[in-house]
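Topology and contacts: notes
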Amino acid sequence: MFKRSFNDKLIKQLSENELYTHKISEDIKTGTIFPAIRAERIDFYYKGGKLFTFDKDGFKTHIKYASVYKSKDDYISELRISNLEKITSFVDGYERIKENCSLYSGVESSGVACLYSNYSYLSSKSDIVVLDIEVSLESLDADKNQDRIDVLFFDKNKKCLIFCEAKHYSNKEIWSQKGTNPEVVGQVQRYEKQISIKGDGVLREYNNYINSVNNLFSLNLPCPT
């Protein structure tokens, strides 16, 4: 089931968490981190990667991001490895975790990051904002598990959701071969079919999404219609 909600109990837990209050909330304000509501959790994205996720069990991150040590030096000798001090908390290793996260992003994810950093729904400078990314819907095709739409824009004036596929110009899927349509055409048509069939449910969940972010971030976004 496609769900987009974050209940009041989780909002309270998040607002009292040290990692959020001391680190993440400040980066959200500057557009450095993009928060995306899921099914009773929030994913926090940084430079194209999912930096942290928060749910009823607290914060989590990928082990490859959190495998960091404290050191004033960029280079160390083999003799010093055993004496290196590991981070003791996400707060303690926050900047290094962010740095590691940024190293794993592909070119298309990095491009999407530029969009949500400059046009996040938390910003009031644009009428059209990025509301969500990596929108996963259960596939209508038996051969696929999920269809993942890269970016969801929201026109605040028209109260309209705009689903977009992001492709870098180097991606072969946007180029036609011997007069045939490029692969991305079929991909977009598949997404259009998804939205036409599941549109009412998707719209309902993004109303929940708007209500959640309004409560969490003290916003006044209109609900999509």
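Here's what I pulled together on the structure shown here.

Rules and cut-offs
Residues numbered from 1 in each chain as written. Predicted model: local features only at pLDDT ≥ 70, side-chain atom pairs only at ≥ 80, totals over all residues. Heavy atoms only, no water. Pairing = 2+ DSSP bridges. Helix = DSSP H or I, 4+ residues; strand = E, 2+ residues; numbered from the N terminus. Axes fitted to C-alpha atoms, helices over the stretch in contact; angles between N-to-C directions. Salt bridge = Lys/Arg side-chain N within 4 Å of Asp/Glu carboxyl O. Buried < 20%, exposed > 50% of the residue type's maximum accessible area, 1.4 Å probe, protein only. 1 Å grid on protein atoms, 1.4 Å probe; cavity = no way out; pocket = protein on both sides within 12 Å on 5 of 7 lines; lining within 4 Å. Points joined across faces, edges and corners; volume = space filled by probe spheres on them. Nonpolar A, V, L, I, M, F, W, Y, C, P; charged D, E, K, R; others polar. Phe/Tyr/Trp six-rings, centres within 6.5 Å; stacked < 30°, edge-to-face > 60°. Lys NZ or Arg CZ within 6 Å of the ring centre and 35° of its normal. Core = buried A, V, L, I, M, F, W, Y, C linked by side-chain atoms within 4.5 Å. Contact = heavy atoms within 4.5 Å. Arc of directions from axis to C-beta. Polar contact = N/O pair within 3.5 Å; in protein donor to acceptor, adjacent residues only side chain to side chain.

1. A closer look at the sheet that holds strand E3 (residues 49-55)
Ordered by their spatial adjacency, 4 strands build an open sheet running E1-E2-E3-E4, and the pairing between neighbours is antiparallel. Taken across any chain shown, the strands that pair with only one partner, and hence form the sheet edges, are strand E1 (33-37) and strand E4 (58-60). Neighbour-to-neighbour, the strand axes of the sheet open up by a mean angle of 25°, direction not taken into account. As judged from the 3 bridges shared by E3 and E4, these two strands associate in the antiparallel manner. Residue pairing in the sheet places Phe54 in a bridge with Phe59 of E4.

2. Topic: the pattern of salt bridges
Should the charged atoms of two oppositely charged side chains come close, the side chains can pair. Considering all chains together, one arrives at 17 salt bridges under this definition. When the shortest N-O distance is used, the salt bridge between Asp57 and Lys56 registers 3.6 Å. Each member of the pair, Asp57 as well as Lys56, is classed as exposed. Among the charged side chains, a network of salt bridges with common partners joins Arg4, Arg38, Arg41, Asp43, Lys50 and Asp132.

3. Remarks on the layout of surface pockets
Considered as a void within the structure, the largest pocket measures approximately 260 Å³ in volume. If you trace the largest pocket, you find it lined by Met1, Phe2, Lys3, Ser136, Leu137, Glu138, Gln146, Lys198, Gly201, Val202, Arg204 and Glu205. Listing elements by their share of the lining of the largest pocket, those giving two or more residues are strand E7 (128-138) and helix H6 (183-217). Top contributing element to the lining of the largest pocket by residue count: H6, with 5 residues. Residues belonging to the lining of the largest pocket are distributed by class as follows: 4 nonpolar, 3 polar and 5 charged.

4. Digging into the packing of aromatic side chains
Each pair of aromatic rings is reported with the distance of its centres and the angle of its planes. Using the criterion set out here, one finds 13 aromatic pairs in the structure. Aromatic pair Phe52 and Tyr94: ring centres 6.4 Å apart, planes at 5°, arrangement stacked. One end of the pair, Phe52, is in strand E3; the other, Tyr94, is in helix H4 (residues 94-102), and 42 residues separate them in sequence. We note that Phe52, like Tyr94, is buried. Taken together through their ring pairs, the aromatic side chains of Phe2, Phe34, Tyr116, Tyr121, Tyr206, Tyr209 and Phe217 make up a single cluster. Across from the ring centre of Tyr104, 4.4 Å away, lies the NZ or CZ of Lys64, which sits over that ring.

5. Quick look at unusual backbone geometry
Keep in mind that most residues, glycine aside, have a negative phi and that most peptide bonds are trans. Of note in this structure, Glu40 is not a glycine but carries a positive phi near 55°. Tracing the chain through its elements places Glu40 in the loop between E1 and strand E2 (42-46). We classify Glu40 as partly exposed; its relative accessible area is 32%. In the Ramachandran plot, Lys47 falls in the positive-phi region, its phi being about 50° despite a non-glycine side chain. Secondary-structure assignment places Lys47 in the loop between E2 and E3.

6. Quick notes on the nonpolar core
In this structure, Ile24 and Phe44 are the most contacted members of the largest nonpolar core, which totals 54 residues. Among the elements that line this core, the one with the most residues is H6, at 8 residues.

7. Here's the deal with the side chain of Ser212
Tracing the sequence through the fold places Ser212 in helix H6. Ignoring anything within four residues of it in the chain, the contact list for Ser212 reads Ser5, Phe6, Ile11 and Ile37.

8. Quick notes on helix H1 (residues 8-15)
Along H1, the residues that are buried comprise Leu10, Ile11 and Leu14. All buried residues of H1 project into a common sector of 105° when viewed along the axis, lining one side. Summarising the geometry of H1, the exposed residues directed more than 90 degrees from the buried face are Asp8 and Lys9. The N-cap of H1, judged by a side-chain oxygen 3.0 Å from the amide nitrogen of Lys9 a few residues on, is Asn7.

9. A look at the sheet that holds E7
In spatial order, the strands read E7-E8-E9; together these 3 strands make up an open sheet with antiparallel pairing. The sheet terminates laterally at E7 and strand E9 (160-164), the two strands that pair on one side only. In this sheet, adjacent strand axes meet at a mean angle of 30° when their direction is disregarded. Sheet topology places strand E8 (residues 146-155) next to E9; 5 bridges connect them, and they run antiparallel. Its bridge partner being in E9, Phe154 is matched across the sheet by Leu161. Most of the contacts of helix H5 (residues 107-118) go to E7, to which it runs at about 135°, and overall it touches E7 and E8. Its contacts with the sheet place H6 against E7, E8 and E9, and it is angled at close to 120° to E7.

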